[in-house]
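# Chain and residue survey
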Amino acid sequence: MAAAQDRETLSTDVVIVGAGPAGLAAAIRLKQQAPGLGVTVVEKAAAVGGHILSGAVMNPAGLDRLIPGWRQQGAPSGPAVTSDRMHFLTAKHDFVAPSALLPPQMKTEGTVIVSLGALCQWLAQQAEALGVEIYPGTAAVDLLTDADGRVAGIITGDLGRDRRGGEKPGFARGIALAARYTLIAEGARGSLAKRLIADFGLDAGKSPQKFGLGIKEIWEIPESLHEEGRVDHYLGFPLDLGTGGGGFCYHAGNRRIYLGLVVHLDYKNPTLSPFDEFQRFKQHPSIVRLIEHGRRLSYGARSLTSGGWQSIPDLAFPGGALIGCAAGFMNVPALKGIHNAIRSGIAAAESVAAAISAGRAGDRLDDLQQRVLATGIEAELFPVRNAKPLLSRFGLIGLGFAGLDLWSNALLKVSPFGTLKHRKADYAALRHLADEPAKRYPRPDGRTTFDRAASVFLANIAHDEDQPVHLKLADPKVPIEENLPVYGEPAPLYCPAGVYEVAEAGGAPVFRIHPANCVHCKTCDIKDPAQNITWVPPEGGSGPNYSGM
Ligand SMILES: Cc1cc2nc3c(=O)[nH]c(=O)nc-3n(C[C@H](O)[C@H](O)[C@H](O)COP(=O)(O)OP(=O)(O)OC[C@H]3O[C@@H](n4cnc5c(N)ncnc54)[C@H](O)[C@@H]3O)c2cc1C
Ligand code: SF4
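These numbers come from a predicted model, not from an experiment.

Rules used in this analysis
Residues numbered from 1 in each chain as written. Chains lettered and ligands numbered in written order. Predicted model: local features only at pLDDT ≥ 70, side-chain atom pairs only at ≥ 80, totals over all residues. Heavy atoms only, no water. 1 Å grid on protein atoms, 1.4 Å probe; cavity = no way out; pocket = protein on both sides within 12 Å on 5 of 7 lines; lining within 4 Å. Points joined across faces, edges and corners; volume = space filled by probe spheres on them. Nonpolar A, V, L, I, M, F, W, Y, C, P; charged D, E, K, R; others polar. Pairing = 2+ DSSP bridges. Helix = DSSP H or I, 4+ residues; strand = E, 2+ residues; numbered from the N terminus. Buried < 20%, exposed > 50% of the residue type's maximum accessible area, 1.4 Å probe, protein only. Near = heavy atom within 4 Å. Polar contact = N/O pair within 3.5 Å; in protein donor to acceptor, adjacent residues only side chain to side chain. Areas by Shrake-Rupley, 256 points an atom, 1.4 Å probe, with all protein chains shown as cover.

Here we take up empty space enclosed by the protein. On inspection of all chains with the given rule, the structure shows five cavities of 30 Å³ or more. When its volume is computed, the second largest cavity comes out at roughly 90 Å³. Taken together, 15 residues make up the lining of the second largest cavity; nearest its centre are Cys-495, Pro-496, Cys-518, Cys-521 and Cys-524. Considered class by class, the residues forming the lining of the second largest cavity number twelve nonpolar, two polar and one charged.

Right under this line is the structure:
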């Protein structure tokens with residue numbers, strides 16, 4: 001947190017960090033409520049949507065509230081979901097759960113398959129038509145604070161620093177963007193959100209936030225295998241009994257499937273590699289048959305929140321609020337967060353607009369939390385609150401308990417388990433190397449399974465190598481001196497993009513970082529067992545350029 005000092009300072013009424021569904025919904029609602037307000041959105045991707053990665057089967061409840069008639073207005077929606085199956089996989093077999101057994105909270109009726117990146121581009125156009133100013137290629141790297149320590153806007157990143165921090169030709173210093181209120185819509189594990197939560201104690205009395213890493217590919221498959229609108233979710237293989245998560249396959253339009261695996265980041269085995277688990281998932285007979293004659297079009301990865309109800313922090317801080325997955329409104333059993341991100345953006349915008357019209361600025365918006373939760377978020381997340389803790393405690397066996405709990409909530413509105421807490425943060429779940437069996441993964445076949453380098457190529461990364469490293473080690477000795485002997489240094493395994501490497505130099509191990517590969521998933525910031533790695537935004541416009549994710 002910093003003062004503007006001698007930076008150029010621009011002013012607006014509301015600044016929003018992040019052009020995802022939460023940030024864009026807030027921007028649109030602010031203008032719908034008070035067209036005269038100055039609303040500015042900054043987005044670190046080179047273009048809106050470039051860093052957006054989701055499944056995605058969308059519950060339209062959020063968008064219906066924000067822009068009624070969005071379909072008729074040309075929003076880029078994919079097919080409506082026509083069928084929805086939950087599978088349990090063993091290494092060779094595939095058992096489909098009878099639909100009647102599935103708790104209603106996990107069903108996808110009325111939902112639609114979307115590319116969230118494309119939807120965000122359309123939302124950005126709607127926002128701009130209302131007068132919102134959107135600045136892509138602009139990372140918010142710090143919070144502007146006033147003399148009383150209240151948040152008073154943001155500071156954007158410098159452009160044109162070299163690797164050592166020196167100024168290159170064309171250097172442009174980041175500016176201060178002062179605002180009456182600041183909304184943080186950075187998505188899961190936001191870098192500013194992390195600092196705000198710590199500095200203002202927003203998580204006091206809450207369970208630690210939990211996360212998953214989602215890895216996704218888009219494939220074009222033969223017409224004969226494609227069933228537009230079909231949705232499949234998979235539990236079991238390839239994940240072992242103690243590891244949470246599951247696969248998904250959504251049949252979008254144009255012979256495309258959205259194929260992915262989410263691995264909960266409270267996994268215990270330090271030799272587990274989510275990237276390689278995803279390759280194994282694609283080798284299952286039910287999946288490989290779809291893609292063996294197909295063509296892989298895109299690759300990407302992003303973390304998601306999975307703490308749910310127990311982990312929602314206080315949203316408001318003096319001068320602004322957290323919205324969307326920066327706070328964490330993901331419904332884990334349903335694997336849906338887009339509608340709640342939009343709902344939270346709408347409610348926060350209404351709270352901010354009311355405060356500004358009453359002449360207020362920079363204070364804590366006391367009504368905001370209740371407004372956000374009353375949008376349907378509490379009604380949805382409270383009844384599913386025990387699903388994730390039961391999975392964390394009992395692994396796959398916890399699925400049975402979670403099913404019982406969900407049904408009990410659906411039918412009787414009570415939970416036999418009360419409200420279970422999340423016991424520890426994800427990084428603390430890792431066990432020592434000596435206590436876990438070493439996992440070995442097969443070599444990729446180059447047809448359906450791939451290595452990290454070939455995959456990252458499909459994320460279309462743009463990253464000037466000559467800029468300061470954005471993966472900050474609090475202590476550069478920790479990876480080799482502490483993590484390596486105890487955990488085998490898990491960073492090269494949990495990173496889905498090949499950023500980290502343990503190499504050898506002069507007969508001794510060395511830890512190397514290749515920042516140009518980073519896809520901004522934030523897993524290292526979450527999972528490093530020593531909490532020694534801090535992810536900060538690189539120069540604006542760096543990172544993946546996803547199209548259609
Ligand atoms: C693999 C996967 C599958 C999923 N499947 C589904 C699904 O099927 N259905 C569903 O409803 N939900 C799904 N979700 C969850 C859903 O994607 C999220 O709930 C939703 O995207 C959250 O929206 P958001 O606006 O809060 O954050 P995001 O969508 O993450 O958007 C945040 C934006 O802020 C930008 N940003 C971040 N930090 C900064 C900064 N400091 N400066 C400038 N810009 C910044 C980012 O670049 C990004 O554009 C899935 C998520 C994942 C990862
Ligand atoms: S370096 Fe960190 S944020 Fe970047 S891709 Fe790897 S794990 Fe994700």
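Before going further, it helps to examine the sheet that holds strand 4 (residues 77-80). The strand order across the open sheet built from three strands is 3-7-4, with neighbouring strands paired in antiparallel fashion. Whereas interior strands pair on both sides, the edge strands pair on one side only; in this sheet they are strand 3 (57-58) and strand 4. Relative to strand 7 (residues 112-114), strand 3 is paired through two bridges, and the arrangement is antiparallel. Opposite Val-57, over in strand 7, you have Ile-113 as the bridge partner.

For the peptide bond that leads from Gly-55 to Ala-56, omega is 0°, which places it in the cis range. As for its position among the elements, Ala-56 is in the loop between strand 2 (39-42) and strand 3. If you check the backbone angles, Asn-460 has positive phi at about 50° while not being a glycine. Inspection of the secondary structure assignment puts Asn-460 in the loop between helix 11 (452-457) and strand 21 (471-473). According to the relative accessible area criterion, Asn-460 is partly exposed, its value standing at 43%.

Moving on: the site of ligand 1. Taken together, the neighbourhood of ligand 1 is formed by 37 residues, with Glu-43, Ser-54, Val-57, Cys-325 and Gly-337 sitting nearest. At a separation of 3.5 Å, an oxygen atom of ligand 1 approaches a polar backbone atom of Ala-185. Against a free-state accessible area of 1000 Å², the protein chains account for coverage of 97% of ligand 1. When residues of the shell around ligand 1 are traced back to their parent elements, those giving at least two are helix 1 (21-33), strand 18 (295-305) and helix 7 (338-357). For the shell around ligand 1, the leading source of residues is strand 18, giving three residues.

Nothing here speaks to function; it is all geometry.
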